[in-house]
Amino acid sequence: METMTRSTHGISGILRNLVKPGNIEQPIRGEIYSAEKFEQFAAALAKEHKAADQPKRYKLLRPRLKDNGKVLLGAYYSLANAIREERSVSPAAEWLVDNFHIVEEQLREIHEDLPPGYYRELPKLANGEFAGYPRIYAIAISIIAHTDSRLDVEALERFLRSYQAVTPLTIGELWAIAITLRIVLIENLRRFAWRIIQSRDAREEAEKLADELMEIAGKRPEEVLQFVTQHLDKRTEFETAFVERFTCQLRDRDLAIAPAYEWLANKLQERGSSIEMSVETEYQLQAVAQVTVGNIITSMRLLSTIDWRTFFESVSLIDPLFSKDPAKIYSKMTFGTRNRYREVVERIAR
């Protein structure tokens, strides 16, 4: 907890060193499918995926996972400091801070359950955007994207059955689905956390600038326009969070502030936008972040409660075949014994 004493600006600096400037990665979020369309999508995805026979090179997930952990930890400290200093943060930021112990637990479980040898054995994709990555990773990305990170066991089972109706997955891949979903949830949370930090920094910058502007308006109103031009004219981007907070601070203030409001409105108009559009977009972004971050945390909790042994056997293609033995012995065996049978099948397959 000693690190909690670091200044917020210091933490933000650390985060900027971890994330390349201008590298605004989009959240893992796509169209939300109905149950039927979700299964159809799984079958289409299975047709699209082509596994490499013996890939000489493949993409590693561990370096990115390690980086994600650093970014999330830095975001947590930064936001926790802001809350402790009674500065405003978004609802999504509160979700992250209040539930960070769950995030740490996920990171720990991934570290413990993903030995390098196991990763090497997973089939890799030969084509497409995720060429060189494990096939199960691309599947997990698709699941998270089209559920807005809100997982459901039954929907997950149906998806994997539909996928395997076209392309069977290996025993190793089915066991890896739990840890891979965790990896993708962490990845998505990292992307939202970085956006949350950027938005908060933009809002704080806007508040500081608005305070200075109001002070000038009270003492030297003739310098208001000059002040705004000096501080904002060379700005390459007007983030929606900045515009929302800046205009919120200036609205309904002294008439001396009006030139600053008008100047910003004209600048945004030149860029095909407006104050109203920027404010509405910011509110939408905050609402999306709150919902999705909440979904991520909820799904992390769910993944820790699922009986993965039962789940595995519900989607395995091997178990229904073994269960057809004439003496009906296989289904009466203990899980450990059934698993030894499956291990033999894996060895033969290799």
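Just so you know, these numbers come straight off a predicted model, no measurement behind them.

Novice: Give me the overall build of the chain: which residues, what numbers.
Specialist: Within the chain one finds 16 helices and 0 strands. Judged by the C-alpha coordinates and their principal axes, the chain covers about 95 × 45 × 35 Å. The contacts of the chain with a sequence gap of at least 6 include a subset with a gap of at least 24, amounting to 81%. When the 49 basic and 51 acidic side-chain charges of the chain are each reduced to a single mean position, those positions are 8 Å apart.

Novice: Pulling in residues and values, what's your account of the pattern of salt bridges?
Specialist: For the structure on display, the rule yields 24 salt bridges. In the salt-bridge network here, residues are joined through shared partners; they are Glu85, Arg87, Arg200, Asp201 and Glu204.

Novice: Please give an account of the environment of glycine 172 that cites residues and values.
Specialist: Along the chain, glycine 172 turns up in helix α9 (residues 171–219). The exposure class of glycine 172 is buried, given its relative accessible area of 11%. A sequence separation of 39 residues divides glycine 172 from aspartate 211, and the C-alpha atoms of the two residues are 58 Å apart. For glycine 172, the contacting residues outside a window of four places in its chain are Tyr118, Leu122 and Glu346.

Novice: Account for the layout of surface pockets, with residues named and values stated.
Specialist: Of the pockets and cavities examined, the second largest pocket occupies roughly 480 Å³. In this structure, the second largest pocket is lined by 24 residues; those nearest its centre are Glu129, Phe130, Tyr137, Ala138 and Ile141. Of all the secondary-structure elements, those providing two or more residues to the lining of the second largest pocket are α2 (35–48), α3 (62–84), α7 (135–145) and α9.

Novice: Give me the nonpolar core: which residues, what numbers.
Specialist: A general trend in soluble globular proteins is that nonpolar side chains are found buried together. In this structure, Val103, Ile143, Phe159, Leu181 and Met300 are the most contacted members of the largest nonpolar core, which totals 75 residues. With 17 residues, the top contributor of residues to this core is α9. Discounting residues that sit within four places of it in the chain, leucine 181 has contacts with Ala140, Ile143, Ile144, Leu151, Leu156 and Leu303. Ranked by size, the runner-up nonpolar core spans 25 residues in total, among them Ala241, Val243, Ala256 and Val279.

Novice: Summarise empty space enclosed by the protein; cite the residues concerned and give the values.
Specialist: Considering all chains together, one arrives at 1 cavity of 30 Å³ or more under this definition. Here the largest cavity is characterised by a volume of approximately 50 Å³. Of all elements in the fold, only α7 and α9 reach the threshold of two or more residues within the lining of the largest cavity. For the lining of the largest cavity, a count of residues per class yields 8 nonpolar, 1 polar and no charged.

Novice: Help me get a handle on α9, residues and values and all.
Specialist: End to end, α9 covers 73 Å across 49 residues, agreeing with the expected 72 Å (1.5 Å per residue, within 8%). By the largest-angle criterion, isoleucine 177 marks the main kink of α9, which is about 45°. Among the 49 residues that make up α9, 35 are buried, leaving the element largely enclosed by the rest of the structure.

Novice: Which residues make up the packing of aromatic side chains, and what values do they have?
Specialist: What the rule picks out here adds up to 16 aromatic pairs. When the ring of tyrosine 33 is compared with that of phenylalanine 41, the centres are 5.4 Å apart and the planes differ by 55°; the resulting orientation is tilted. Its relative accessible area of 17% is what places phenylalanine 41 among the buried residues. Aromatic side chains phenylalanine 238 and tryptophan 263 sit 6.5 Å apart centroid to centroid with 65° between the ring planes, which places their arrangement in the edge-to-face category. Here phenylalanine 238 is found in the loop between α10 (224–232) and α11 (240–250), whereas its partner tryptophan 263 is found in helix α12 (residues 258–270), with 25 residues between them in sequence.

Novice: Explain the packing of α9 against α11 residue by residue, including any values.
Specialist: Two elements in contact, α9 and α11, have axes whose closest approach is 8 Å; the angle formed by their N-to-C orientations is 30°. Judged by the inter-axis angle, α9 sits roughly parallel to α11. α9 and α11 meet at a crossing whose hand is right-handed. On α11, the residues that touch Ser199, Ala202, Arg203, Glu205, Ala206, Glu207, Leu209, Ala210, Asp211, Leu213 and Met214 of α9 are Ala241, Phe242, Glu244, Arg245, Phe246, Gln249 and Leu250. A breakdown of the residues in the contact of α9 with α11 according to their chemical character gives 10 nonpolar, 2 polar and 6 charged.

Novice: Before we move on, can you summarise the packing of α9 against helix α13 (residues 275–303) with the specific residues and values?
Specialist: Close contact between α9 and α13 brings their axes to 10 Å; oriented N to C, the two are set at 150°. When the axes of α9 and α13 are compared, the pair comes out roughly antiparallel. Crossing of α9 against α13: the hand is left-handed. Of α13, the residues touching α9 (which contributes Ala178, Leu181, Arg182, Leu185, Ile186, Asn188, Leu189, Phe192, Ile196 and Arg203) are Glu282, Gln286, Val288, Ala289, Thr292, Val293, Ile296, Ser299, Met300 and Leu303.

Novice: Can you explain unusual backbone geometry? Please cite residues and give values.
Specialist: Unusually for a residue other than glycine, glutamate 86 sits at a positive phi of about 60°. Within the fold, glutamate 86 resides in the loop between α3 and α4 (91–98). Looking at glutamate 86, the relative accessible area reads 73%, which means it is exposed.

Novice: Now, about the side chain of asparagine 295: what can you tell me, with residues and values included?
Specialist: Along the chain, the position of asparagine 295 falls in helix α13. By relative accessible area, which is 9% here, asparagine 295 ends up buried. Excluding residues that lie within four positions of it along the chain, asparagine 295 makes contacts with Asp148, Ser149 and Arg150.

Rules of the game
- Residues numbered from 1 in each chain as written.
- Predicted model: local features only at pLDDT ≥ 70, side-chain atom pairs only at ≥ 80, totals over all residues.
- Heavy atoms only, no water.
- Helix = DSSP H or I, 4+ residues; strand = E, 2+ residues; numbered from the N terminus.
- Contact = heavy atoms within 4.5 Å.
- Lys, Arg positive; Asp, Glu negative; His and termini not counted.
- Charge placed at Lys NZ, Arg CZ, Asp CG, Glu CD.
- Salt bridge = Lys/Arg side-chain N within 4 Å of Asp/Glu carboxyl O.
- Buried < 20%, exposed > 50% of the residue type's maximum accessible area, 1.4 Å probe, protein only.
- 1 Å grid on protein atoms, 1.4 Å probe; cavity = no way out; pocket = protein on both sides within 12 Å on 5 of 7 lines; lining within 4 Å.
- Points joined across faces, edges and corners; volume = space filled by probe spheres on them.
- Core = buried A, V, L, I, M, F, W, Y, C linked by side-chain atoms within 4.5 Å.
- Nonpolar A, V, L, I, M, F, W, Y, C, P; charged D, E, K, R; others polar.
- Expected span 1.5 Å × (residues − 1).
- Bend = angle between axes of the 7 residues up to and from the residue.
- Phe/Tyr/Trp six-rings, centres within 6.5 Å; stacked < 30°, edge-to-face > 60°.
- Axes fitted to C-alpha atoms, helices over the stretch in contact; angles between N-to-C directions.
- Parallel < 35°, antiparallel > 145°, perpendicular 65-115°, else oblique.
- Left-handed = near helix turned anticlockwise from the far one by under 90°.

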